[in-house]
Amino acid sequence: LTQPVDGVQVKAGWFLQQLYDPFQPDVLIANPACFTHVHLCEKLSIPLHLMFPQPWLPTKLFPHPLSCMKYRDTPSVMNYQSYDWCENVL
């Protein structure tokens, strides 16, 4: 780029900096459903932390993600029961 056009040159400069001086993470936090996290951590020699975004235990604060229930701001017994419903269906 020869002339800046609304910050495009700044963004291109940042991108080029990332190519030639890449960021080295200290740790990788990944979802267990993806498959490349092990290989990336092995290549980068960094620790891997697997974090699953779905709770393991039923809660009244929000419904099971697969229940297709609408989120409500107030705790509900329906949210708690949605975990049993989904477990029985799945």
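The notes below deal with the structure included here. (Residues numbered from 1 in each chain as written. Predicted model: local features only at pLDDT ≥ 70, side-chain atom pairs only at ≥ 80, totals over all residues. Heavy atoms only, no water.)

Helices and strands together make up the secondary structure of the protein, namely three helices and two strands. Listed by position from the N terminus, the elements making up the protein come as α-β-α-β-α. Each of the 90 residues in the protein was classed as buried or not, and the buried ones make up 16%. Residue pairs in contact within the protein that sit at least 24 positions apart in sequence constitute 6% of those at least 6 positions apart. Here the protein displays about 7,900 Å² of accessible surface, and carbon together with sulfur accounts for 63% of that area. (Helix = DSSP H or I, 4+ residues; strand = E, 2+ residues; numbered from the N terminus. Buried < 20%, exposed > 50% of the residue type's maximum accessible area, 1.4 Å probe, protein only. Contact = heavy atoms within 4.5 Å. Areas by Shrake-Rupley, 256 points an atom, 1.4 Å probe, with all protein chains shown as cover.)

Let us now look at helix α3 (residues 77-89). The end-to-end C-alpha distance of α3 is 19 Å, a good match for the 18 Å that 13 residues give at a rise of 1.5 Å each. When we look at burial in α3, the residues that qualify are N79, S82, Y83 and C86. Along the long axis of α3, the arc covered by the buried residues comes to 100°, so they all point the same way. If you check the start of α3, you find a side-chain oxygen 3.0 Å away from the backbone N of M78, and it comes from S76. (Expected span 1.5 Å × (residues − 1). Arc of directions from axis to C-beta. Polar contact = N/O pair within 3.5 Å; in protein donor to acceptor, adjacent residues only side chain to side chain.)

Moving on, we come to unusual backbone geometry. Phi at S45 takes a positive value of approximately 55°, unusual for a residue other than glycine. Within the element layout of this structure, S45 appears in the loop between α2 (37-44) and β2 (48-50). With a phi close to 60°, C68 is a non-glycine residue in the positive phi region. Relative to the assigned elements, C68 resides in the loop between β2 and α3. Classification of C68 by relative accessible area gives exposed; the value is 75%.

By themselves these figures say nothing about function.
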